[in-house]
Amino acid sequence: MRNQPQPMIHRNRQVIRRAVWTYPHFLIRISEQMMRPPKLFSSKHDIAVVGLYRSGKTVFITSLINHLMHHRPDELKLGDGSIKITFDEELPPQNGFSRFPYEEFRYENNGNWPKKTKATFQYRCSFFRSDWGWSKGELSLVDIPGERLSDIAIAKLSYGQWSDRLLQKVFQDGHYRDAAQSYQQLASDQSATEQSVVASYRELLAELYRSFRPIISPSTFLLTADGKFNGTSIIKGDHASAYCGLSADSQFAPLPQSIRHSKPELSKLFASRYADYRKNLAGPLVKSLSRCNEMVVLLDVTTLLAANTGMYNGNRALLELLFEILSPGRGLLGIGLDLLRKSLGGRIGRRGISKIAVVATKADKVHDSQRDKLVDLAKDMSGGIVERQKQRTSNLECRYFACAAVKSTFSQVDGTLRGNLLGDDGPVEYPVSDLPSRWPGKWEQGEFVFPDVAPLFPENAALAPDHLGMDHIIDFLVKSQV
Ligand SMILES: Nc1nc2c(ncn2[C@@H]2O[C@H](COP(=O)(O)OP(=O)(O)OP(=O)(O)O)[C@@H](O)[C@H]2O)c(=O)[nH]1
Ligand SMILES: [Mg+2]
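Residues numbered from 1 in each chain as written. Chains lettered and ligands numbered in written order. Predicted model: local features only at pLDDT ≥ 70, side-chain atom pairs only at ≥ 80, totals over all residues.

**Thoughts on the packing of helix 13 (residues 309-326) against helix 15 (residues 371-392)**
So, point 1. It is the contact of helix 13 with helix 15, at a shortest axis distance of 10 Å, that shows an interaxial angle of 15 degrees. The pairing of helix 13 with helix 15 is recorded here as roughly parallel in orientation. Considering how the two elements wind past one another, helix 13 and helix 15 form a crossing that is right-handed. Taking contact as the criterion, the partners of Arg316, Leu319, Glu320 and Phe323 in helix 13 are, on helix 15, Met381, Ser382, Ile385 and Gln389.
So, point 2. Here the residues of the contact of helix 13 with helix 15 are counted per class, giving four nonpolar, two polar and two charged. (Axes fitted to C-alpha atoms, helices over the stretch in contact; angles between N-to-C directions. Helix = DSSP H or I, 4+ residues; strand = E, 2+ residues; numbered from the N terminus. Parallel < 35°, antiparallel > 145°, perpendicular 65-115°, else oblique. Left-handed = near helix turned anticlockwise from the far one by under 90°. Contact = placed C-beta atoms within 7 Å. Nonpolar A, V, L, I, M, F, W, Y, C, P; charged D, E, K, R; others polar.)

**A look at the pairing of strand 7 (residues 355-360)**
So, point 1. Burial runs high along strand 7: six of the six residues are buried.
So, point 2. Alternating residues of strand 7 divide into Lys355, Ala357 and Val359 and Ile356, Val358 and Ala360, and every residue in both groups is buried.
So, point 3. Alignment of strand 7 against strand 8 (residues 397-402), held across six bridges, turns out to be parallel. Within strand 8, the position partnered with Val359 by the bridge is Phe401.
So, point 4. Once you follow strand 7 into helix 15 and on to strand 8, the crossover reads as right-handed. (Buried ≥ 20, exposed ≤ 12 C-beta atoms within 10 Å, placed from the backbone. Pairing = 2+ DSSP bridges. Right-handed = clockwise from strand over helix to strand, strands pointing away.)

**Looking at the packing of helix 7 (residues 174-187) against helix 8 (residues 194-210)**
So, point 1. The N-to-C vectors of helix 7 and helix 8 enclose an angle of 180 degrees; their axes lie 9 Å apart at closest approach. If you check the angle between helix 7 and helix 8, you find them roughly antiparallel. Side by side, helix 7 and helix 8 meet where Tyr176, Ala179, Ala180, Ser182, Tyr183, Leu186 and Ala187 of the first sit next to Ser196, Val197, Ser200, Tyr201, Leu204, Glu207 and Leu208 of the second.
So, point 2. Partitioning the contact of helix 7 with helix 8 into residue classes produces ten nonpolar, three polar and one charged.

**Points about the environment of Ser188**
So, point 1. Along the chain, Ser188 turns up in the loop between helix 7 and helix 8.
So, point 2. In this structure, the C-alpha to C-alpha distance between Ser188 and Ser258, residues 70 residues apart in sequence, is 7.4 Å.
So, point 3. Filtering out sequence-adjacent residues up to four positions away, Ser188 remains in contact with Pro256, Ser258 and Ile259.

**A word on unusual backbone geometry**
So, point 1. A cis amide bond, omega 5 degrees, links Ser217 with the succeeding residue Pro218.
So, point 2. The topology assignment puts Pro218 in the loop between helix 8 and helix 9 (231-235).
So, point 3. Within the chain, Phe212 stands out as a residue other than glycine whose phi angle is a positive 65 degrees.
So, point 4. Note that Phe212 resides in the loop between helix 8 and helix 9.
So, point 5. Residue classification places Phe212 among the partly exposed positions, given that 19 C-beta atoms sit within 10 Å.
So, point 6. Despite not being glycine, Ser327 shows a phi value in the positive range, around 45 degrees.

**Brief notes about helix 8**
So, point 1. With 17 residues, helix 8 should cover 24 Å at 1.5 Å per step; its first-to-last C-alpha distance of 24 Å lies within 8% of that length.
So, point 2. Taken together, the buried positions of helix 8 are occupied by Val197, Tyr201, Arg202, Leu204, Leu205, Ala206, Leu208 and Tyr209.
So, point 3. At its buried positions, helix 8 is contacted by helix 7 and helix 9.
So, point 4. Trailing helix 8 by a residue or two, Phe212 shows a phi angle of about 65 degrees, which is positive. (Expected span 1.5 Å × (residues − 1).)

**Some remarks on the nonpolar core**
Side chains that are nonpolar tend, in soluble globular proteins, to be buried together.
So, point 1. Counting 121 residues, the largest nonpolar core has Val49, Val358, Val359, Ala360, Leu374, Ala378 and Cys403 as its most contacted members.
So, point 2. When residues are assigned to domains, this core turns out to be shared by domain 2 (43-144 + 292-477) and domain 3 (150-283), each giving three or more.
So, point 3. In this structure, Val359 is in contact with Val296, Val297, Leu298, Leu299, Phe401, Ala402, Cys403 and Ile473, ignoring residues within four places of it in sequence. (Core = buried A, V, L, I, M, F, W, Y, C linked by C-beta atoms within 7 Å. Domains from an automatic or database assignment.)

Nothing here speaks to function; it is geometry throughout.
Pasting the structure below:
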């Protein structure tokens, strides 16, 4: 009788009874499991971080990952301060991107800032939020080389439209006009040849770059398709190996409408190289940005002020273009489904960019007493573009912030800052300009000074860097929708 097989249900009951008596904590574990709902949904946050070159994208992403990996609610306050993020695991990059080299940027830089980005990177991970019941967060961050932003128009405009846009709009801006004059004349000349137009356009791009004009397209002139950065030699006056195209023999330049008609062969040649460029470079870039559902637009207010009005105008024109090309807020789902999505705890099923954080970066480069003005300046610069897009669409949420992703200075009572100036050995106290309350009508290089400092990354790998305002931004980007 004893050896007779017992029905399965009896055996299971016995196992459970034995386990409960033998291991009291088994009971506790079961009740804990029942209290903790299974993560049935994933709340996806696919975030594109965009901005001009050197606007702080890579530093921002490195700091954000660091905070998620080692979240300390007392140092990065989310919601009412009680919310805790628990890092789950890193996920492999998708869509053919290279992995964002987080460790290199965070730990191996020996007191240096991350290197300039030369290819598009992606970092993916999953995480839990203590206030999310049924969903688990899935985060993707896309980092692009800032130079590539100037190419986004190529992804959507025809060669003719791109030419007209540059010649009739961008190069008409007072700050571009003087430099662009001789190119415009040559390109409109009936005797112009492929070689003369390309040579003159390359002269123009070099001149624009040296005078802080950020719209340099095709961007391969500054950063080749395989990641060689030409910017340093261009500044020194050498652009012999900087090409306006994918390679030396596939260069193209914008042509005025009259020349496109009178020289159809030249126009056709440039148009076919333009199409190759779109297929290989500009198209994939815009596709990778359009796949995201959130966007962080970084505005480096201090660098714009330290440069000149031309850089401001160029950056603003790029913002216009970015909104025009990506058209944020035009998701595929209608308003009716918003409620359902919210009740599922995230941005489930959402297509297209529907959330934008406009961020003035490097807030630690200005004195404490000035920091509030950073948000006003960022809003003043981008507000009109954002508002128009909001009016045109039904699905766009936007907020303005200021932050220092890696706070590396200390404000002194006498209005100076204390920090390690780049190139110096130890910390010094140094003067820094006050911010204007509004963007001035005109300013030149040297009127505002905000020196660069070395980063203060803690040596302890489990500590995220000190920051200003990262908490509000992260809270906004990965906030609970419930
Ligand atoms: N003080 C301070 N400086 C910063 C901060 N973030 C960035 N910087 C400075 O800005 C520089 C550029 O930062 P990156 O993050 O590399 O800029 P990026 O936008 O990724 O630039 P590209 O890769 O060229 O497109 C750094 O080398 C620092 O000098 C910050 O939080 N505080
Ligand atoms: Mg970068």
